[in-house]
Amino acid sequence: DWVSYGFLPISLTLIAHYFVFFYLLIAVALSSINSNLEETAEIMGAKRLTTMRKITFPLVLPAIMSAFILTFSKTMGTFGPAAFLGLPVKYYTISTMLYGSMRNRMISDAYVLSLILIAISAITIYLNQRAIGKRKSYATIGGKDARKNLTPLGKWKYPVLSGVILFLFASAVFPILLLLLQSFMLNEGNYSFSNFTTHFWNGDSNPRIASGEVGVLKNAHIGRALGNSLKVAFIGAGAAALIGLIFGYIVTKARKAFTSKVVEQLSFLPYLIPGISLSAIYLSMFAQPKFLLPALYGTLGIVILITIVKELPFATRAGTSTMFQIGGELEEAAVVQGAGWFRRFARILVPLSWKGVVSAFLLVFIGAMKELDLIILLITPKTGTLTTLTFEYADKGYQQYSDAIILIIIAIILTTHFLATKFAKADISKGIGG
């Protein structure tokens, strides 16, 4: 069981999922290193590993630590893998305990667990600041040439290539193929031809199969969940991208001002709070009308709101990076012509930063479509999404339905990504803020 359930499979799942997240965060820092620094070390006789240890790694340490903090925060609040792979063998994490406490109406216990998660994240942030605060400068971009050269791998070329291909196949391609195969299997583990069926996709109600559940393409519950997911993803991603662009404008146009620093710091605060802890906080805030806060629980509004807030750090990072590339003289010329701020923003800034806006939209859209940890405590039967429906089916033991819905989510994400890259020229592969 230790191979299928518990610490090992949970850890491997999180590694396979978050390595891309980590790459996106440090890609920009790695691309900014001047090749002259590493070439100088090579001329001095330093070996490749020595150069990486003495030059490359120290220079990208802030980016690595920041990526570690954000990834650590997300994994600490991860609920899905911990629930699927831990609860069957009574392997608990704080997130699964928090979920159980909330479902059993042990509200005080749930909030204590939320505070524990937040405290752990705060301590980790403090240690991060201590670690990168020992060096006075990490600057790698100056006024001189910053050319970049390819690094020859020599005899390691084909082993490294084979390793990368094998890793990508094992972490991405193989799981999708396995999901597709299992969605057609009447009984799991039986690979005989007679065991394959299309019932879980387009079958009618059959009392002998999954208590009479119809196929996912005929299921009204899945249709409602699909609509909810698309609403949350499109509205949340659009709003977050627009707000991120505005925040980026504030940060870049008033760099030394107090408001700029406040906006930049506060925009990243929600991402440092584990998702399920933030969900518990929002449940407390919007369960009943309080002061000026409406009762949003039971509506899609609370799901959209928490999605915008949680994904705002990425949108702000993308917006800030885009705004840094727009010269101030363009807006100054519009001011001379008497254009107000809203007109300048709509007619100049948005068109010039369109690619960055679409990239931010795409990042938030992908996150919203596959989000579970953040909304698991906030959904109701009417506001359930595709991800929460997969959890419900898997919890009932109807794994084939869960696999089919996951494939639908993947298809929607891949289609949206293709359209964004094809027609809007968005490219998130260069890194967040790149």
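Basis of the calculations
Residues numbered from 1 in each chain as written. Predicted model: local features only at pLDDT ≥ 70, side-chain atom pairs only at ≥ 80, totals over all residues. Heavy atoms only, no water. Helix = DSSP H or I, 4+ residues; strand = E, 2+ residues; numbered from the N terminus. Rg over C-alpha atoms; globule rule 2.2 N^0.38 Å. Buried < 20%, exposed > 50% of the residue type's maximum accessible area, 1.4 Å probe, protein only. Contact = heavy atoms within 4.5 Å. Lys, Arg positive; Asp, Glu negative; His and termini not counted. Charge placed at Lys NZ, Arg CZ, Asp CG, Glu CD. Axes fitted to C-alpha atoms, helices over the stretch in contact; angles between N-to-C directions. Parallel < 35°, antiparallel > 145°, perpendicular 65-115°, else oblique. Left-handed = near helix turned anticlockwise from the far one by under 90°. Nonpolar A, V, L, I, M, F, W, Y, C, P; charged D, E, K, R; others polar. pLDDT = per-residue confidence, 0-100. Salt bridge = Lys/Arg side-chain N within 4 Å of Asp/Glu carboxyl O. Phe/Tyr/Trp six-rings, centres within 6.5 Å; stacked < 30°, edge-to-face > 60°. Expected span 1.5 Å × (residues − 1). Polar contact = N/O pair within 3.5 Å; in protein donor to acceptor, adjacent residues only side chain to side chain.

## Some words on the overall build of the protein chain
Alright, step 1. On a plain count of helices and strands, the protein chain comes out with 18 helices and zero strands.
Alright, step 2. Over its C-alpha trace the protein chain gives a radius of gyration of 24 Å, about what one expects of a compact globule, namely 22 Å for 434 residues.
Alright, step 3. Along the three orthogonal principal directions, the C-alpha set of the protein chain runs to about 75 × 60 × 45 Å.
Alright, step 4. Counting across all 434 residues of the protein chain, residues that qualify as buried make up 44%.
Alright, step 5. Taking the intrachain contacts of the protein chain between residues at least 6 apart in sequence as the baseline, contacts between residues at least 24 apart amount to 71%.
Alright, step 6. Here the protein chain holds 38 positive side-chain charges and 20 negative ones, and the gap between their average locations is 7 Å.

## Looking at the packing of helix 2 (residues 35-43) against helix 3 (residues 48-59)
Alright, step 1. Contact pair helix 2 / helix 3: the axes reach a minimum separation of 10 Å and the direction vectors enclose 150°. Between helix 2 and helix 3, the crossing angle belongs to the class labelled roughly antiparallel. Where helix 2 crosses over helix 3, the handedness of that crossing is right-handed. Taken together, the residues of helix 3 that come into contact with helix 2 (itself represented by L37, E38 and A41) are R48, T51, I55, T56 and L59.
Alright, step 2. Each residue belonging to the contact of helix 2 with helix 3 can be placed in one class, and the counts come to four nonpolar, two polar and two charged.

## Some details on helix 17 (residues 386-396)
Alright, step 1. With eight of its 11 residues buried, helix 17 lies for the most part within the structure.
Alright, step 2. Buried residues along helix 17 sit in contact with helix 5 (80-86), helix 6 (94-103), helix 10 (220-253), helix 16 (354-369) and helix 18 (399-423).
Alright, step 3. Directly after helix 17, the chain includes G397, whose backbone phi takes a positive value near 90°.

## A closer look at the environment of M369
Alright, step 1. Topologically, M369 is positioned in helix 16.
Alright, step 2. For M369, a relative accessible area of 1% puts it in the buried group.
Alright, step 3. Sequence separation of M369 and S229 is 140 residues, and the distance between their C-alpha atoms is 6.2 Å.
Alright, step 4. With residues up to four places along the chain from it excluded, the contact list for M369 reads S229, L230, A233, L386, T387, I409, I412 and I413.

## Regarding the confidence of the model for the protein chain
Alright, step 1. For the protein chain, the mean per-residue pLDDT works out to 83, and 92% of the residues sit at or above 70.
Alright, step 2. Helix 11 (residues 258-268) is the least confidently modelled element of the protein chain, averaging 73 in pLDDT, while helix 9 (residues 199-202) averages 93, the highest of any element.

## Things to note about the pattern of salt bridges
Alright, step 1. Per the stated rule, a full pass over the model turns up one salt bridge.
Alright, step 2. A salt bridge links K218 to D204, with the shortest nitrogen-to-oxygen separation between them at 2.8 Å. Here K218 is found in the loop between helix 9 and helix 10, whereas its partner D204 is found in the loop between helix 9 and helix 10, with 14 residues between them in sequence.
Alright, step 3. For D204, a relative accessible area of 54% corresponds to the exposed category.

## Comments concerning unusual backbone geometry
Alright, step 1. You will see that R105, though not glycine, has its phi angle at about 60°, which is positive.
Alright, step 2. Take R105: it is sitting in the loop between helix 6 and helix 7 (107-132).
Alright, step 3. With a phi close to 50°, A210 is a non-glycine residue in the positive phi region.
Alright, step 4. As for its placement among the helices and strands, A210 is situated in the loop between helix 9 and helix 10.

## As for the environment of P381
Alright, step 1. Relative to the helices and strands, P381 is located in the loop between helix 16 and helix 17.
Alright, step 2. The exposed category is assigned to P381, whose relative accessible area is 73%.
Alright, step 3. Linking P381 and A339, residues 42 residues apart in sequence, is a C-alpha distance of 48 Å.

## Things to note about the packing of aromatic side chains
Alright, step 1. Scanning the model with the defined rule gives 19 aromatic pairs in all.
Alright, step 2. Residues F169 and F174 carry aromatic rings whose centres are separated by 6.2 Å and whose planes lie at 45° to one another, so their mutual orientation is tilted.
Alright, step 3. Residue class for F169 comes out partly exposed when judged on its relative accessible area of 39%.
Alright, step 4. Judged by relative accessible area, F174 falls into the partly exposed class, the value being 41%.
Alright, step 5. Ring plane angle 45° and centroid distance 5.5 Å describe the contact between Y282 and F286, whose orientation is recorded as tilted.

## Quick look at helix 10
Alright, step 1. When the terminal C-alpha atoms of helix 10 are compared, their 49 Å separation across 34 residues agrees well with the 50 Å that a helix rising 1.5 Å per residue should span.
Alright, step 2. Regarding helix 10, its N-cap is N219, as a side-chain oxygen of that residue lies 2.8 Å from the backbone nitrogen of H221 further along.

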